[in-house]
Amino acid sequence: MDNRLFRDAMGKFATGVTVILTELDGEQHGMTANAFMSVSLDPKLVVISIKEDARMLQKIEESNQFSVNILSAEQEDISKTFAGQIKDQQVYFDRLAGMPVIPDSLAQVACEVSSTYVEGDHTLFIGKVKDIAVKDGNPLLFYSGKYSHLKEFADV
Ligand code: FAD
């Protein structure tokens, strides 16, 4: 099957946008990701999926922890920064449960890795949730390879 067809089909699944953060030897590393979902309520588990050539992969393998930051409609530049589309941006972090988190994101979810599954060219990290912070706002969306906003919030 053609890779383009697979990408096009998966892109029809509208998602939010997150930044995954981890910290190793006092240095923070971030990566934009939309492969994120909730897995279990009891215990509270989430999953992220990281491609094999991402620098983030080895960093999470070593730190054994990460935060997921669900971006607001106003945070497209943050998404582009951590996807390598905007260069040399200084980003400031807050902290939650000892983890770096993105200030003003809609939800900050601090996790420790509870299991890891290598599947094809991606690694799935199951995160056990240690702490959460939430705030009101409108979400940043990603659909068919482009950023988008909910229509009812089209003025943001
Ligand atoms: P790098 O490419 O080194 O880092 C990413 C960028 O973040 C670089 O520009 C770097 O300078 C910057 N950065 C890192 N840390 C900091 C810091 N502390 N301060 C300031 N800047 C910093 N890939 C996946 O594997 N899984 C996904 O689910 C996924 N979803 C995506 C969703 C969207 C909407 C987009 C746009 C991309 C997605 N990607 C995903 C691709 C992924 O974001 C990029 O390939 C990314 O560049 C890979 O990051 P990396 O760990 O290799 O590190």
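Residues numbered from 1 in each chain as written. Predicted model: local features only at pLDDT ≥ 70, side-chain atom pairs only at ≥ 80, totals over all residues. Heavy atoms only, no water.

**Student:** So what's going on with the side chain of S63? Residues and values would help.
**Tutor:** Summarising the element assignment, S63 is placed in helix α2 (residues 55-63). Here T22 takes part through its side chain, which lies 2.6 Å from a polar atom of the side chain of S63. A distance of 3.0 Å separates a polar atom in the side chain of S63 from the backbone oxygen of Q65. In contact with S63, not counting residues within four places along its chain, are T22, E23 and L24. (Helix = DSSP H or I, 4+ residues; strand = E, 2+ residues; numbered from the N terminus. Polar contact = N/O pair within 3.5 Å; in protein donor to acceptor, adjacent residues only side chain to side chain. Contact = heavy atoms within 4.5 Å.)

**Student:** Explain the side chain of H29 to me, using residue names and the numbers behind them.
**Tutor:** Assignment of secondary structure puts H29 in strand β3 (residues 27-33). In contact with H29, not counting residues within four places along its chain, are I20, L21, T22, R55, M56 and K59.

**Student:** I'd like a description of a negative patch on the surface, backed by residues and values.
**Tutor:** A grouping of D25, E27, E61 and E62 is seen on the molecular surface, where their side chains present a negatively charged patch. Looking at the secondary structure, you find E61 in helix α2. (Patch = residues over 30% accessible without salt bridge, like charges linked within 9 Å, V, L, I, M, F, W, Y side chains within 5 Å. Areas by Shrake-Rupley, 256 points an atom, 1.4 Å probe, with all protein chains shown as cover. Salt bridge = Lys/Arg side-chain N within 4 Å of Asp/Glu carboxyl O. Lys, Arg positive; Asp, Glu negative; His and termini not counted. Charge placed at Lys NZ, Arg CZ, Asp CG, Glu CD.)

**Student:** Go over the site of the ligand with me, naming the residues and quoting the values.
**Tutor:** The environment of the ligand is formed by 23 residues, the closest being T32, S49, K51, R55 and M56. One nitrogen or oxygen atom from the main chain of G30 is found 3.1 Å from a nitrogen atom belonging to the ligand. For the ligand, whose unbound accessible area comes to 990 Å², protein coverage reaches 78%. Of all elements in the fold, only β3, β5 (45-51) and α2 reach the threshold of two or more residues within the shell around the ligand. Here the shell around the ligand gets 6 residues from one element, more than from any other, and that element is β3. Of the residues in the shell around the ligand, the class split is 12 nonpolar, 9 polar and 2 charged. (Near = heavy atom within 4 Å. Nonpolar A, V, L, I, M, F, W, Y, C, P; charged D, E, K, R; others polar.)

No statement about biological role is implied by the geometric values presented.
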